[in-house]
Structures are given as C-alpha cells and as structure tokens.
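Geometric and topological summary
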Amino acid sequence: MIGKRIFFTFCCLLVFRVMTVAQVQLPVYPDSLFSTYYQQRVSHFKTLPKTTDDIIFLGNSITDGAEWSELFSDSHIKNRGISGDISAGVIARLPETADRKPAKVFLLIGVNDLSRNTPPDSVVKNIMLIANYLHEKTPATSVYIQSILPVNKIYNKFGSHTGKSAQITEVNKKLQSGAASSHYTYINIHDAFCGADGLLRPELTNDGLHLKGEGYLIWKHLIYPYVFDLGSKPSLLPMPQSLKWLPGFFPFYKCSSIIADKGLANEANILEQLLKANGEPSISHDSVDNKPYIALKLAKVKAPRLADEAYHLQVSEKRVQITANTAHGIFNGIQTLIQLLRDNVMLDACDITDWPAFAWRGYMVDVGRNYQSVEQLKQQIDRMALYKLNVFHFHATEDIAWRLAIQKYPELTRPENMLRDKGQFYTVDDVKELQRFCKDRHIEFVPEIDMPGHSDAFKRAFHCDMQSDTGIKILKEITREVCETYRPTYLHIGGDEVKISNVGFLPEMCHAVEQYGVKTIGWSPGGNVPQNTIRQLWMKEGPVDKKVKYIDSRHMYLNHMDPLESVTTLFYRMIGDAPVGNNNVLGGEICLWNDRAVNRQEDLLTMNPVYPAMLAFAERSWRGGGRSGWTASIPAGDTSALNNFKEFESRLIDQKQQYFKTLPFSYHRQRDLVWDFYGPYDNAGNLAARFKPEIDPSFKDSNSFTAKGGTLILRHWWYPLVNGLIPHPKENTTWYASTKICSDADGYQNCWIGFNNLSRSYTTDTPGPGTWDERGSEVWVNGSLVKPPFLKFAGRKGNLEAPLVDEGYEYRQPIKIYLKKGWNSILVKLPVAGFIGKDSNNPVKWMFTFLPF
C-alpha cells in the first residue's frame, strides 16, 4: 500500500486524456503511475475467463488479503483487490470490470489516497465516478460502497495511514450522504471495527491498518446480507411472538462450550454438531469462565398458551441462553438460533420470548398412492422441524397400494397387490427409523390406516371387505400389531369417502385401537366415529360441535394449489376459524395428496408447492391470526394486510436463499406486480372476440379494479367458498389485465406464464397444441404475442396413470420474454364461456400467472 507521496501532486499537474462512455468521463492514466504488482494483477485479471453475473470485490490490500470465495463458500465471488491500490487505480481498470457484467460490485478504497494527502473531497469524487460509471455501463449491476475502515497507531506502523482518522470519518460521511444520487448502496462497516476510542480494535490487526483473520469474519457478517440479497437482520420464520434486536454480536466462531441442564442431551447434541467447525465442543453442567458459551436451561417461562413449547432466547456479546419449561421448548429455541446463525460467524444480539398459537401444526404425506423413500421423507421432516411444525401424518394405505408392512399379513405388501410402485413399502425398521427421526425433532409421528374406504389393496390381499366380519377380524389384528409395535400416541383411521354398510364398524374399530391407549383421528365429513375421536376437517364444514376436537385441513390440500396461490392462501388463512387454538380447535394440517402417478419421487416436491406452502403454514399456525373467509388473492385494498404480506414474503424469500439452495422451492417474489383489470366485455360465447384493450394500442379507459401478484384468480373453481378477484363473475365474458415492468437493459428474461394450473389429483386434460388453455387466453409483451410453450403431450386426455411432465409453468422451462430497456407493457386476455367444466376432473380455472424473475 506504500506509494510515492508525490503521486497526488503529479496527478494534479498531469493533463489527462479523457475517454467518454455515455455521459460518464473516465480519466486515462499512464501505466507508469502504477506499481509492477498492480500491473501484474491487472494483466492477470484480463486473462481470466470472462464470466458474467459474478460478485466482484474491488479494492486495495485489505480486499486483496481475503479469500472471499472460501469465506462465503461461493465460487461466483471474485477477488479483484490489489495491494497498494488507490481510487485512480480502480478507475484505470474499471472498464475490464464493467465489461464482465457482474451481478454485484463491492468496493472498499480510499485509505491509500488519504495517506498520500489526497483531499477527502477528491477521494469521494473518484468513488462516485466509479459508481456512476458502473451504473451507466452495466445498469443491472448492484454497486455497494463500503466505508473506509478505521486505523490505529498502536503498532507504530504505516504512520502515513494510521494518522488519518479524521479524514476517514469525513470521507465516510460524504459517501453515506451521496449514495442515492450516485446509484450505490452504502455499507457502514467502519463502526463495527472501532473500539471505545474510535480506533481500529487492536486485536483485529497486527499493524494498525490490515486485518487479521478475525477481522475478516466480522467483515463477512456485516456484508453477508448484501452478498446474498437478505434482510439486514436474520429473517426469522415463523416470526417470534416477541423479538427485540439489541446492539452487538455474539462471536459464535469463538464458541466451543455448551452448558446444558440434565435431561437435554438430545438438544445439546444438536448444538454440538453446529459447534464442531470451531473445534471439538465441550458439554458441561457448570459455568465457563471468560469464554463465550451457549447455555440450555430448564426454568419457568411464562406464556399465554402452550407453555410446553414456549422458550426464551437471549443473545448477548458473551453468551447465548435458551430457557424453556421443557426439552421441546429448548428445541424450538435452537431452531430459532439456527436461523439467527445465517453466516456461521456471528449472532446478532437479541431477546426473544416465543410460543405457538396452535398445538397441532401438521404436514401429511400420502405415500400410499406414490411411494417416497425414507431419505426423501426425512428431508421433509427436517424442514418441518426447522420451522417448528410438530406433527408428521403418514398416510400409508390406499386403494393403489398398502405400504405398511404387517408381519402377520405379508400379502398386504406383495407386488401383485399393488397397482403403482409395485413392491415398494415400509418395513418395520423403516417406520421405526421415521419415528425415531421425528421424536428427536419433537415431531409427533401419526400413522394412518384408512378404513373402511380407500381399501382396495386390502380387498386384493384378502378378498373381503373391511366391514365384513372377516375384514374386521383381520383389521383388529393389524391395528393390534401397529399399536404394539410402534406405540403411537395417535392412529388415524380415515373413515371418509365410503358407504358405511356396517354402522358398528367405525365405533368398534375405534374402541379396538383405544384399548391400547392410542387416540383415534378420523376425517370429517366421514363415517360415524365416536365423539372422543378427533375430527380432521377437509370440506366446507367447520368446527361446529363444541364437544369435539378438530384439526383443520380445509382448503389446505397442496395438490390443488398453484405455487404462488398457496403462499397467499395459507398466509391469510384463519385456521379452524379461530385466531388461536382452543379446546375445540387443536390446529391445522397441510396435506399432500398427489393422486396422479409421477415419474420420479422428486416430482412430488417439484409439482406441488410443498416447501413454500410449508413455510406459509408454519408462520400462520405458530403466529395465529389470519383473515376470515378463504381467499386466493393478495388484498391490495387493505394496506395493513398488504404490508403484512410484503414483510412475510421478504422473510420467505430469505429462507429460500438460505435453506433451499438445493431443494425445490417454486416461488418468486410477486408482491410488487400491480395489474389493472378491464372488463367485463360480453363475448356472447365467442372466446376469440376482440375488444378495445386488444384492438386499440392507445386504449386508456379507466380500469375496473387493480390487483397485486404473480398469480391472479378471477373466479376460483370452488367459488363461492374461495373468493377470487371478481365478486360476481359472469359467464361468456372477457377481461383484460395489464401491467408495466421495468428492465435495466435490452434482453431476454425468464418468466413464469400459465393459465391453467393442473391439479395433481384430477384427470385433467392437457391444453391442445399451440394453446395456453381451452379458453383462448393470450398474452402480449410490448404488443408482441407470446407463443405458448411446446408441450410434450399437448391435447392428451387426463389419466391418473399418465404422469405430468411439462404442463405446469413451475416445472417446465420458463418462457423467455424480450424486454427493452425501460418500461415494458404487458397485456393479458382472459375470456371465459361457462363455469361448468366438461366434468369434475376438468374444472374451469379462470386464472393466469405472469411473473418475470
């Protein structure tokens, strides 16, 4: 970083050649002004592969000294620091940087300029020139200007640098105030490196200027959210009931000690795994002197409800303490701790008191119709635990196949008695492993044996009906084995979608199960189960009987939901029509009923919005609240409700970035897309009829209403149970929707476009060749018609044994739309004839999705 003191004077006297790029003029400096090391590095940069969309760190030796890609575990991060560099040096090599079209540029420069007595105003002017040039040359690049770090004379080194504290402060203030006008984001990293005296903390440096390893970890923590497009603070989900952010950080990277009360071995072991990167952690029951530590403590935590799951989490600069009434509460606190630890370096100081609104927060998988491996189920259970869901409902028997091994009756799981995934079932060891896996995460494992309906596989094995005397005898042996082998707290007995020919069947079977101390659950509406059997709601009927306990799964079947709709629907859902749980409403459960066959088990998570919906449901079932009625729309007219969704969506996207990089997560930000709707136009049954918005490019009539989002549902197929955008939709009408989107540059952009999100449970027909749907829907970008995608099985009749391949926008290649720099106009045509489909498997879904990303 040492250079000639005469440099600034020389530059002032030099007559610069100037090259003009758009409106920004860059000085051109002779190579002789820069060191041989500078020239070596620049020539090296020019010969490296020309990749785009990278994250580039520009700067001097302080930047040069870091292994950025290793620090952030991201190979897209490139180090373009040069020891000794100054702002003029960055300017000289800026065209090469801009030509790479990076996604982001992080710049830290200026202390060497100040050491050469360059005035602070000149340093700021150069830095702003850099930012403005990048904005003009590569407008899609996000530019982050970092404050100059503090310095310290304590080591008597770099005297020309370490005496510039006042000038550093002046530069930083001006950089902060000029951010908006020069198109950059200012990041104050200076203050976190300062001691009480305002100087660089001595323990972070060994020369008063450059950083030691610990300093780079602090730097990582400070810019981590900017590197990965996250909120400034960790985006906790579900949001705790009470959260206070405090000043300071807990140095997790220094921590290797856990103090845990007796009875918390399982929870301490979870932390032990987190701490292993810091060395071999120790677990004790005694205090640790003068070292950062994490304490797990069983003690009284007050909560207005469900105190067994409540916790108190305190993070300070010296310790982290989780206090709870039970091990389950401690576990919940650890899940929040994990989310706080997003960079594996520091924890932001905070004080959290938290508890759930509902006792039952469940997720059901139907493995009877489509087998899933134990590993894939564990993946989902792991994500359940992170978001504090606490019930895993295992629906293992169906018409298609019985997949629960029964030792007394091996014929149940023979391949010849299965219609799909033949020979695939769960052994006793498999189920016990799933039980153990759930138990370690404080998740209730709830097996289901569906009776007497959904039992064709049973009939194929025994050639009798469950409701017959023979069937009852066999079924009692099956339930005995299940209850004695697994000792579950609950056994779901199904009971729905079947004609009850033996009115005594369900009461008798419930009694048979309950004699083993196992509680029963049944679907409602369903058969005549006893009053003490918990009802799981799945149709429109609500929790009407105050003497009965309910679990709400109404309009929470993920197999029927569009990805964007699922998040909106579940976020605004009021579970059990109650803001919090009570003696009547235990909670809710989202369900994955993929009736249709799949090509791969992974398709179950790709074609259904499992993870986005899981997180939205986790938020609502933990926090409580919601809105009365069922909706599929973002309530654009309700400012409070809209702002609540925006805040949640930001946290949802952050969670996607952090924890779903390698998992399917079919969701993109949709809150900022605003649509104007025009209509209704009477099409008299002619879906091709054209109206003013389509005919007249200068059409400027006042709109009928506005709406927000990426998926817009005009009339829900379960109207009026679920509200769409149009309060009183009419048949034989056409509507239009328009919006404008801004692009930083000319070029193609990915876009989700769809008009009929096929349910994964109906035998819905695939749209015909060259069409978006059967209604004649169309979409234009800047007046150019967007062609529908080529579908492999266009026009195919619906068939549950024919897997979906590319019918849904979320699991096919996105459409490429061409956008010009600046504003682009989008027009969508939405005609409809009747609202009654050809049959129940082809419901009229009057909807569309349009979402650039």
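Reference entry: report on the structure contained in this document. (Residues numbered from 1 in each chain as written. Predicted model: local features only at pLDDT ≥ 70, side-chain atom pairs only at ≥ 80, totals over all residues. Heavy atoms only, no water.)

Observations regarding the overall build of the protein
- Counting its regular elements, the protein contains 23 helices and 34 strands.
- Its C-alpha radius of gyration of 31 Å places the protein within 12% of the 29 Å reference for a compact globule of 853 residues.
- Counting only residues that meet the buried cut, the protein has 59% of its 853 residues in that class.
- Accessible surface, the protein as shown: approximately 34,300 Å² in total, 50% of it carbon and sulfur.
- Placing the 96 positive and 91 negative side-chain charges of the protein at their respective mean positions leaves the two points 5 Å apart. (Helix = DSSP H or I, 4+ residues; strand = E, 2+ residues; numbered from the N terminus. Rg over C-alpha atoms; globule rule 2.2 N^0.38 Å. Buried < 20%, exposed > 50% of the residue type's maximum accessible area, 1.4 Å probe, protein only. Areas by Shrake-Rupley, 256 points an atom, 1.4 Å probe, with all protein chains shown as cover. Lys, Arg positive; Asp, Glu negative; His and termini not counted. Charge placed at Lys NZ, Arg CZ, Asp CG, Glu CD.)

Observations regarding helix H13 (residues 327-340)
- Relative to the 20 Å expected for 14 residues at 1.5 Å per residue, H13 spans 20 Å between its end C-alpha atoms, a close match to the ideal helical length.
- Summarising burial for H13: 13 of the 14 residues are buried, a large majority. (Expected span 1.5 Å × (residues − 1).)

Quick word on the state of the cysteines
- Under the definition given, this model contains zero disulfides.
- With no disulfide partner, Cys255 has as its closest neighbouring cysteine sulfur the one in Cys350, 15 Å distant.
- Cys591 forms no disulfide, and the closest cysteine sulfur to it belongs to Cys438, at a distance of 16 Å.
- According to the relative accessible area criterion, Cys591 is buried, its value standing at 0%. (Disulfide = S-S within 2.5 Å.)

Overview of the pattern of salt bridges
- Throughout the structure, instances matching the rule amount to 42 salt bridges.
- A salt bridge links Glu214 to Lys254; its shortest N-O distance comes to 3.2 Å. Residue Glu214 is located in helix H11 (residues 213-227), and its partner Lys254 is located in the loop between strand S8 (242-251) and strand S9 (257-260); the two are separated by 40 residues in the primary sequence.
- Look at Lys254 and you get partly exposed, because its relative accessible area is 46%.
- Residues Arg369 and Asp595 are paired through a salt bridge, measuring 3.0 Å at the closest nitrogen-oxygen approach. Here Asp595 lies in the loop between strand S22 (585-592) and helix H20 (603-606) and Arg369 lies in the loop between strand S15 (360-366) and helix H14 (374-386), a separation of 226 residues in the sequence.
- Look at the salt bridges and you will find they share partners, linking Glu375, Lys378, Glu433, Arg436 and Asp440 into a network. (Salt bridge = Lys/Arg side-chain N within 4 Å of Asp/Glu carboxyl O.)

As for the pairing of strand S11 (residues 293-298)
- Bridging between S9 and S11 involves three bridges; their strand directions are parallel. Bridging from a neighbouring strand, Ala260 pairs with Leu296 of S11.
- Where S11 and strand S13 (residues 319-324) come together, six bridges link them in parallel fashion. Paired with Ala295 across the bridge in S13 is Gln321. (Pairing = 2+ DSSP bridges.)

Topic: unusual backbone geometry
- In this structure, Pro680 follows Gly679 across a cis peptide bond, with omega equal to -5 degrees.
- Looking at the secondary structure, you find Pro680 in strand S24 (residues 674-682).
- At the junction of Tyr719 and Pro720, the peptide bond is cis and its omega measures out at 5 degrees in the coordinates.
- Tracing the backbone through its elements, the reader meets Pro720 in the loop between strand S26 (711-715) and strand S27 (722-723).
- One non-glycine residue, Phe158, lies in the positive phi region at around 50 degrees.
- Position of Phe158 among the secondary structure elements: in the loop between strand S6 (142-146) and helix H9 (159-162).
- With a phi close to 65 degrees, Lys388 is a non-glycine residue in the positive phi region.
- The topology assignment puts Lys388 in the loop between H14 and strand S16 (391-395).
- What makes Lys388 buried here is its relative accessible area of 2%.

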